[in-house]
Amino acid sequence: MWRKILLILFICFLVVPSVESRTEQIDQTKKILALVVPGLSFNEVEWLIHNDDSSIWKEASFGAMNVRADGPYSYLNNMVTIGAGAKAVGVQGWNSFELSEEINGFEAREWMYQLTGSRPEEGLIHPDFHRLEVKNRETTHKGEVGFFGETLQEHDIARVVYGHSDTLEEKVRYGSLLAIDQKGFVNGQLQDAVQEKTGAPYGIEMNADFLINKLSTNVETRDQFIVIEWGDIYRLYDQHTYMENLHFEAEQKRQLKRMSAFLTRARKEVDDIWLIAPMMNKQAYDERKQLAPVFHWGEEMGGFLTSTTTKQDYLVSSLDLIPTFLASFNIQETEFSGNVIKHSNNGIVDKAPVVKRVNEIVLIYKSRASVLSIYISCLVIALIGAAIYGFFGSKKRQTWRYVTRLILLSALWSPFWFLALAGVVNKLGVTGFVLTLIVGSFICGYIVERTARYPIFWVGTLTFLLITIDVMIGSPLMQRSYLGYDPIIGARYYGIGNEFAGVYLISAMMLLHPILTHLHRGLRITCIVTMLFLLTIVLGKNTLGTNAGATLSAGLAFAFLCYRSVFQTWSWRLLLLLFGGVLSALFLLLYVLQLTGDQTHIGLAFERLLSGDFLYIKDTIERKLAMNWKIFKHSNWTQLFVTSYLLGAVILWRKRLQLGEQGKQLFLQTGVISSFALLLLNDSGVVAAATSMFCVVSAHYYWLSVSKEENEFVIGKTINPGQTVED
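Predicted model, so just to flag it, every value in this text is computed and none were measured.

## Focus: the side chain of Gln 255
Argument step 1. Position of Gln 255 relative to the elements: it lies in helix H10 (residues 245-266).
Argument step 2. Since its relative accessible area comes to 0%, Gln 255 is described here as buried.

## Focus: unusual backbone geometry
Argument step 1. You will see that Tyr 202, though not glycine, has its phi angle at about 60 degrees, which is positive.
Argument step 2. Secondary-structure assignment places Tyr 202 in the loop between strand S7 (194-196) and strand S8 (204-206).
Argument step 3. Backbone geometry places Asn 330, a non-glycine residue, at a positive phi of 60 degrees.
Argument step 4. Mapped onto the elements, Asn 330 comes out in the loop between helix H12 (321-328) and strand S14 (342-344).
Argument step 5. On the accessibility criterion, Asn 330 (68% relative accessible area) is exposed.

## A short note on helix H24 (residues 662-681)
Argument step 1. The first and last C-alpha atoms of H24 sit 28 Å apart over 20 residues, in line with the 28 Å expected at 1.5 Å per residue.
Argument step 2. With 15 of 20 residues buried, H24 is to be regarded as a mostly interior element.

## Re the confidence of the model for the protein chain
Argument step 1. Model confidence for the protein chain is summarised by a mean pLDDT of 85, while 87% of its residues fall at 70 or above.
Argument step 2. Within the model, the stretch residues 15-26 combines pLDDT values under 50 with 7 contacts to residues more than four positions away or in other chains.
Argument step 3. Low pLDDT, under 50, characterises residues 712-727; the stretch is placed with 39 contacts to residues that sit more than four places away or in other chains.

## Quick word on the pairing of strand S2 (residues 61-66)
Argument step 1. Burial of S2 is extensive: 6 of the 6 residues sit out of reach of the surface.
Argument step 2. Both faces of S2 are covered, namely the face carrying Ser 61, Gly 63 and Met 65 and the face carrying Phe 62, Ala 64 and Asn 66.
Argument step 3. Here S2 runs beside strand S11 (residues 292-297); their pairing, made up of 5 bridges, is antiparallel. For Gly 63, the partnering residue across the bridge sits in S11 and is Val 294.
Argument step 4. In this sheet, strand S13 (residues 315-317) lies alongside S2 in parallel orientation, the contact comprising 3 bridges. By the bridge assignment for S13, Asn 66 is matched with Ser 317.

How each quantity is defined
- Residues numbered from 1 in each chain as written.
- Predicted model: local features only at pLDDT ≥ 70, side-chain atom pairs only at ≥ 80, totals over all residues.
- Heavy atoms only, no water.
- Helix = DSSP H or I, 4+ residues; strand = E, 2+ residues; numbered from the N terminus.
- Buried < 20%, exposed > 50% of the residue type's maximum accessible area, 1.4 Å probe, protein only.
- Expected span 1.5 Å × (residues − 1).
- pLDDT = per-residue confidence, 0-100.
- Contact = heavy atoms within 4.5 Å.
- Pairing = 2+ DSSP bridges.

Listed below in structure tokens is the structure:
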């Protein structure tokens, strides 16, 4: 008897520490849950924040996410982009299947064998994985589908996927794209995570009890990355067209509360939860609410989300999710263009600032096309009117000249007011903004016309100062301007955009033009070099303008200005040597300006270039050319671009229309060089070239009108553009 007791005690002595060690090991593993909710938008989020009784939403960190993919907005394209950590596109027919499911009349394993020659015995089946890889390998973004899952696999992190968004007519299983490895493998259970439910959209809904059981009873000893595709909202909006409105609203509230209840339970079972909406529902999309909500529950309580990708409060990019997931597992990976999402203002549970900011962005996005269409048409009319005003009768010519000058000055003031009023668009409303813009521009035009000796100088000086100050303090006005960049489009999030880049360069020349006329040559060169240095810092520094194309354009333009201020005759060889030297020096300075502070897209390009990744540079150039061509074919800016360039060509061709004052000659010649450089070097060069050439042509026609009015211009006088510009 005693021997048996001693034997049992000995076994317990050996087993209990082992069990405790295993329990401790399990407790130390990290579980991260990515809850993918297609169809969720800020409309539903606002309702949850204000009407749901659960405290789960107050506890979350909250932000808005740009989900723009390489192709059109769609759940599949956006999900491929999120999973690849780079802009990517899907392939038609993509889906996930369990081993025993039927595809085209065959068992999934058999169909996979027919397509690829391999017959998986575990995990989910992805018959189109090879097609997805090939398609994205051929794009300029080169998104690597499965690289994230492969990285998790290499670090021995378990991956599993649950649920789907199937409707009556089609299978929708895109959640696995977030965890799949480069062999097309990931574990998962798609069908058991969904249960039949009478009255639910298409008679099915997520099985919350099954999912909580999976989260709570998992005895995995490794870190885990768990993806749940919560398809109830997607199914609800897919069936919305056929539903009675009151019933739809009741079902919508029920489904949102079910999701909230699930999150409350899941919060106790995992370490981190990320709720991401890869695609908003069609109703929100049609309302132009095309930013997606993103929530995080972790160690931080409340607060907001941001990242160095956007450098904007409350805003992140879908490209930031993969680096963030990796950082949560303490994995450092630099292959992705996104950045780790940061938390700010921890402890603040009020979600109103994010919603308010999103509504401001949506207001600008919804009305941008109509506002800019009218604005650009007015600029085109102003230019054409200025070009033909001389055809009016001699008795009315003086009056029309004055009206033309006033219109041109008002047009030149408009970029200033577009920026100055950017912060109050939501208070004024779109109509109020447009009226205030028009009134402000005309009043300023009238004042400088009546009181200033150099009206163009004052327009350029104040515009230059406003843009400089805005860039210096983080571009808060430019981020909200109709002429700024749009977080929904997502081409640029910070720095100086291409619309204002063109205006900025020409406003600097407007500021300089009296100096070019009246100062001694040495002082003139000093002022030009000083301005070039200032422009290079403001445009090129990674904490300021961060616009490489505009920086290089400024260098070329002001190098030409120095050349024309010093040399009396044209020398193409000397000019080419000068441009080559300036570009080399600017590239070096641009690189130095990226060495401190957070990495930007310019810093990433230099990093890839120095590592010998010339394919990345080639792809970037191809994207820029494609963007320019797309803008030229479809954008309203093409009207202004074509008009201003045609009139600029007429001005240069008809030499008798050139003005005799040297500062004005230099302004015209340098402005044309600047505009061409912006066209060639910027990703949206058509826009920058249009705004810059418009300013150049408008200033020229204003001076032409003044010179005629003062009888200082002799019709038929020819000024050779290659002649010496005298001191």
